[in-house]
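# Structure at a glance
Here are the chains, one letter per residue:
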Amino acid sequence: MRLSLIRNRLLAAVAVSMVFAAPGAFAEDDHDTKEAWRLFIADHTNPVVRAIDFQSGEELGRYDVKGAAALTASASGQTVFATQSDDDIVHVLKTGINFSDHGDHRDLEVSDVGLLPVTFEGKRPFHVVPHDDHAILFYDRGGKADIIDEAALLEGKAEVKTVDTTKPHHGVAVTMGRHVLVSVPNTDIETKPDELPPRIGLRVIDESGEQVGEMATCTDLHGEATSARLVAFGCKEGVLIARPGGIEGPKLEMLTYPSDLPKGYTGTLLGGKAMQFFLGNYGEDKVVLIDPDSEEHFKLVELPTRRVDFLLDPATPRSAYILTEDGDLHVLDIIKGEIVRKATVTEPYSKDGHWRDPRPRLAVADGHIAITDPRHALVRILDADSLEEVRTIAVEGQPFSIVAVGGSGASH
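The structure presented is a predicted model; accordingly, all values stated were derived computationally and were not measured.

### Quick notes on the nonpolar core
Among the nonpolar cores identified, the biggest contains 24 residues, and Ala173, Leu181, Val231, Phe233 and Leu240 are the most heavily contacted of them. Among the secondary structure elements, those contributing two or more residues to this core are β11 (134-139), β12 (144-149), β14 (173-176), β15 (179-185), β16 (199-205), β19 (230-234) and β20 (238-243). Those residues within four positions of alanine 173 in sequence are excluded, and the remaining contacts are Val129, Ile136, Phe138, Ala145, Val180, Leu181 and Val182.

Below is the structure:
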């Protein structure tokens, strides 16, 4: 991977942000600045989601749902989806955080948190993909995916476009302009009643639901992410990249794993926001940086033990955080392509045992890293620069899935 190319992209992104930030400095003379951050935390076992004020640690709301939930924030941050796969339902929370762009600055409106009156029911909802002004909800055993309009949700209504997924399978759907990218199951094999067929590829469908072009091979497709205008999918053969293709639909390209990589593949992906790149797992004890436009697409980074969770810092584009099972948090410098510092932040949490056992999860808020510690009923707050624990937030039960929503803006 040409790290200089990523470095140049980062410097360009910073330069652009400085250009757009300068007028905002004058805007602050006319408007008060408001800042708000909120954490949304689901319990590992109990059917409850909590909203917590990040600065004070005060509980803003406790919402009873039907089952243990996985949380996903929308692209705008105005809603959080609480997906309860084992209970065939998805609840949606209003975060009370709303940003509106005004060119030289953005406004922040803060309101109450609440559980919206809209739910989505179907057989085993699993992957929720936030994208622009909507989210795509995939039902593993329902044979469908729902494209959900967020503006309607906030008005207490459900505006949904349903996409046929051919046959129930553990898959994903992602929008790209007027087209939808949908995983393809193997329909030629027989499966047991309690099993789902494997994924064999990706297809593109148009607004009428018709397939465009040929299916792209992607064995055991799992994991997706968006960066800039590209979408990436993890496959056994490599990482499949979808690029915008105009009225003819997205163009699909396989980045094959090079022969000098050890045996393994990517099944979880994260996408850069301020610059174009992807970060994926590579087996359990490695991660890989992926640059689709470089001559060398993959940069492998080895970890001392198996990965528990990882995420990108949206406010610091060159930083990624990786928690390993020994309780260490590692900072990966995207530009250098290497771990630059680490600290012990929790007790060890082994990856052995059931895949759903309670283990820490990460979120980023206001220059800090929030880590759920279900064993001790805590959320640990670390300074993102020093990795020192600055405080804890006590959370009843076993805090597990976590998302952070917030930022600063002008207040009128």
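### Comments concerning the packing of aromatic side chains
The tally for this structure, following the rule as stated, stands at two aromatic pairs. Seen from their ring centres, tyrosine 257 and tyrosine 282 are 5.5 Å apart, and the 80 degrees between their planes marks the pair as edge-to-face. Taken together, the residues span a long stretch of sequence, with tyrosine 257 in the loop between β21 (251-256) and β22 (269-271) and tyrosine 282 in the loop between β23 (278-281) and β24 (286-290) at a distance of 25 residues. Neither residue differs from the other here; tyrosine 257 and tyrosine 282 are each classed as buried.

### Concerning the side chain of histidine 131
Its place among the elements puts histidine 131 in strand β10 (residues 125-131). Once you skip the residues sitting within four places of it in the chain, histidine 131 turns out to touch Ala75, Ile136, Thr175 and Thr226.

### Some points on the state of the cysteines
Enumeration over the complete set of coordinates arrives at one disulfide. The partner cysteine of cysteine 218 in its disulfide is cysteine 235, sulfur to sulfur 1.9 Å. Between cysteine 218 and cysteine 235, the S-S torsion sits near -95 degrees, and that sign places the bridge as left-handed. Of this pair, cysteine 218 sits in the loop between β17 (211-217) and β18 (224-227) while cysteine 235 sits in the loop between β19 and β20; the two residues are 17 residues apart in sequence, bridging distant segments of the chain. Of the residues examined, cysteine 218 reaches a relative accessible area of 0% and is grouped as buried.

### Considerations on unusual backbone geometry
At aspartate 366, a position not held by glycine, the phi torsion is positive, near 55 degrees. We note that leucine 387 has phi near 65 degrees; this positive angle belongs to a residue other than glycine.

### Observations concerning the sheet that holds β19
Hydrogen bonding along the main chain pairs the strands of a sheet, whether they run parallel or antiparallel. Strand order across the open sheet formed by four strands is β18-β19-β20-β21, with antiparallel pairing between neighbours. Edge positions in the open sheet fall to β18 and β21, since each of these has one partner strand only. Across the sheet, the mean angle from the axis of one strand to that of its neighbour is 25 degrees, orientation sign disregarded. In this sheet, β20 lies alongside β19 in antiparallel orientation, the contact comprising four bridges. The residue of β20 that forms the bridge with phenylalanine 233 is leucine 240.

Criteria and cut-off values
Residues numbered from 1 in each chain as written. Predicted model: local features only at pLDDT ≥ 70, side-chain atom pairs only at ≥ 80, totals over all residues. Heavy atoms only, no water. Core = buried A, V, L, I, M, F, W, Y, C linked by side-chain atoms within 4.5 Å. Buried < 20%, exposed > 50% of the residue type's maximum accessible area, 1.4 Å probe, protein only. Helix = DSSP H or I, 4+ residues; strand = E, 2+ residues; numbered from the N terminus. Contact = heavy atoms within 4.5 Å. Phe/Tyr/Trp six-rings, centres within 6.5 Å; stacked < 30°, edge-to-face > 60°. Disulfide = S-S within 2.5 Å. Pairing = 2+ DSSP bridges. Axes fitted to C-alpha atoms, helices over the stretch in contact; angles between N-to-C directions.

In short, shape yes, function no, at least from these values alone.
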